[in-house]
Amino acid sequence: MRIELELQTDNFTVIPYNHQYYLASAIYDKIHSANPIYAKRLHNYQKFKFFTFSLLQIKKRVIRKEGIETIDGKAYLYISSPKTDFIENFVAGLLEDGKLRVGNVEFFVRKAKILPIPKKFNILKTISPIYLKTMIETEDGLKTYDLLPNNSKFYENLKNNLKKKYEAFYNEKCDMNFEFEVLKYRQKRMKIKDIYCRCSEMVFKVWGDYDLIKFGYECGFGEKNSMGFGMVVNIK
């Protein structure tokens with residue numbers, strides 16, 4: 001399930017480029033307001049949380065050194081999950097006051113609508129970058145290395161990660177598969193709290209088992225989905 005939020009603010013303060021952590025906090029706050037027990041269980045679950053969200057999509061904007069300034073105060077946010085109860089609890093919390101605070105900026109929710117799941121996937125575009133990592137051996141021991149599409153390990157990890165999430169969600173072995181071809185990408189460097197992540201904005205072609213690709217569309221591709229990585233839109 002995927003929802004689109006049309007947001008409006010009267011505060012034209014510049015929104016920082018690295019606003020994923022603020023969005024994640026806002027989402028958890030709304031869920032906690034509606035259902036504290038569910039929110040605690042979600043927060044404490046250590047493995048996969050099965051949801052993702054986009055960066056703020058701001059059409060009319062001015063790019064400044066310190067961040068993005070909205071010209072008309074309008075922004076869009078997309079949130080997606082294969083778990084209906086996640087979306088229901090978030091929306092319930094949102095309906096309590098109709099507001100969403102992103103850092104120091106308070107947005108009012110003008111519209112909220114459920115978006116249909118595409119019946120066919122061909123070319124996907126990220127609206128939050130894809131993050132993947134691996135472990136490499138160094139003189140100082142094992143270290144985390146962020147993967148980009150210029151590394152063959154990126155392709156292997158992207159597919160394996162999605163299959164593992166599918167198996168964890170449905171509690172069954174995933175015998176499905178999919179392939180993808182990166183048509184173009186741009187490296188990004190995003191900051192989550194005090195940690196920088198090298199990640200990729202991408203346009204990529206996909207083919208294979210529809211249900212597996214659909215699952216990635218709903219819960220996100222790659223890692224750290226619940227921190228706003230790996231959300232895609234379908235390009236017709």
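Here's a quick rundown of the structure. (Residues numbered from 1 in each chain as written. Predicted model: local features only at pLDDT ≥ 70, side-chain atom pairs only at ≥ 80, totals over all residues. Heavy atoms only, no water.)

With respect to the overall build of the protein
Right, on to step 1. Summing up its helical and strand segments, the protein has five helices and 13 strands in all.
Right, on to step 2. Computed over its C-alpha atoms, the radius of gyration of the protein comes to 18 Å, within 12% of the 18 Å expected for a compact globule of 236 residues.
Right, on to step 3. On the principal axes, the C-alpha backbone points of the protein span a range of 45 × 40 × 40 Å.
Right, on to step 4. Counting all 236 residues of the protein, 47% fall into the buried class.
Right, on to step 5. Across the protein, every contact between residues at least 6 apart in sequence was considered, and the portion connecting residues at least 24 apart equals 73%.
Right, on to step 6. Each charge class in the protein can be summarised by its mean position, and for the 40 positive and 28 negative side chains these summaries are 3 Å apart. (Helix = DSSP H or I, 4+ residues; strand = E, 2+ residues; numbered from the N terminus. Rg over C-alpha atoms; globule rule 2.2 N^0.38 Å. Buried < 20%, exposed > 50% of the residue type's maximum accessible area, 1.4 Å probe, protein only. Contact = heavy atoms within 4.5 Å. Lys, Arg positive; Asp, Glu negative; His and termini not counted. Charge placed at Lys NZ, Arg CZ, Asp CG, Glu CD.)

Focus: the sheet that holds strand β7 (residues 105–115)
Right, on to step 1. Read from one edge of the open sheet, five strands run β2-β5-β1-β7-β6, paired in antiparallel fashion. Here the strands that pair on one side only, and so sit at the sheet edges, are β2 (52–53) and β6 (99–102).
Right, on to step 2. The sheet contact formed by strand β1 (residues 2–8) and strand β5 (residues 74–80) spans seven bridges and is antiparallel. The residue of β5 that forms the bridge with Gln8 is Lys74.
Right, on to step 3. Contacting β1, β5, β6 and β7, helix α3 (residues 84–97) crosses the sheet at an angle of about 20 degrees to β1. (Pairing = 2+ DSSP bridges. Axes fitted to C-alpha atoms, helices over the stretch in contact; angles between N-to-C directions.)

A few points about the packing of aromatic side chains
Right, on to step 1. Under the definition given, this model contains 19 aromatic pairs.
Right, on to step 2. Consider the rings of Tyr166 and Tyr170, whose centres lie 4.5 Å apart with planes at 45 degrees: the pair is tilted. Here Tyr166 pairs with Tyr170, and both are found in helix α4 (residues 152–170), just four residues apart, close to one helical turn.
Right, on to step 3. Among the residues examined, Tyr166 registers a relative accessible area of 10% and is labelled buried.
Right, on to step 4. Judged by its relative accessible area of 39%, Tyr170 is partly exposed.
Right, on to step 5. Both rings, one in Phe204 and one in Phe221, keep their centres 5.8 Å apart while their planes meet at 85 degrees; by these two values the pair is edge-to-face. Placement of the pair is Phe204 in strand β12 (residues 195–208) and Phe221 in the loop between α5 (210–219) and β13 (232–235), with a sequence separation of 17 residues.
Right, on to step 6. By the ring-pair criterion, three or more aromatic residues cluster together here, those being Phe48, Phe50, Tyr166, Phe169, Tyr170 and Phe215.
Right, on to step 7. It is Arg189 that lies over the ring of Tyr196; its NZ or CZ is 3.8 Å from the centre. (Phe/Tyr/Trp six-rings, centres within 6.5 Å; stacked < 30°, edge-to-face > 60°. Lys NZ or Arg CZ within 6 Å of the ring centre and 35° of its normal.)

Some thoughts on the packing of helix α1 (residues 20–34) against α3
Right, on to step 1. Axis separation between α1 and α3 bottoms out at 7 Å; the angle between their running directions is 85 degrees. The angle between α1 and α3 places the two elements in the roughly perpendicular class. Mapping the contact onto sequence places Ile27, Lys30, Ile31, Ser33 and Ala34 in α1 and Phe86, Asn89, Phe90, Ala92, Gly93, Leu94, Glu96 and Asp97 in α3.
Right, on to step 2. Counted by class, the contact of α1 with α3 contains seven nonpolar, three polar and three charged residues. (Parallel < 35°, antiparallel > 145°, perpendicular 65-115°, else oblique. Nonpolar A, V, L, I, M, F, W, Y, C, P; charged D, E, K, R; others polar.)

Overview of the pairing of β1
Right, on to step 1. Across the seven residues that make up β1, a large majority, seven, are buried.
Right, on to step 2. Note that β1 and β7 share seven bridges and pair antiparallel. Residue pairing across strands places Glu6 opposite Lys111, the latter belonging to β7.

Concerning the pairing of strand β11 (residues 178–192)
Right, on to step 1. The pairing of β11 with β12 spans 14 bridges and is classified as antiparallel. The residue bridging Tyr185 from the neighbouring strand is Met202, located in β12.
Right, on to step 2. Between the end of β11 and the start of β12, which pair antiparallel, lie two residues, with Lys193 showing a positive phi angle near 55 degrees.

As for the sheet that holds strand β8 (residues 123–126)
Right, on to step 1. Spatially, the four strands line up as an open sheet ordered β11-β12-β8-β13, and their pairing is antiparallel. Across the chains shown, the open sheet's two edge strands, defined by having one partner strand only, are β11 and β13. Neighbour-to-neighbour, the strand axes of this sheet turn through a mean angle of 20 degrees, independent of strand direction.
Right, on to step 2. By the bridge criterion, three bridges tie β8 to β12 in an arrangement that is antiparallel. Within β12, the residue paired with Ile123 across the bridge is Lys205.
Right, on to step 3. On top of the sheet, α4 reaches β11 and β12; it is set at about 95 degrees to β11, its chief contact.

Shape is all these values report; function is a separate question.
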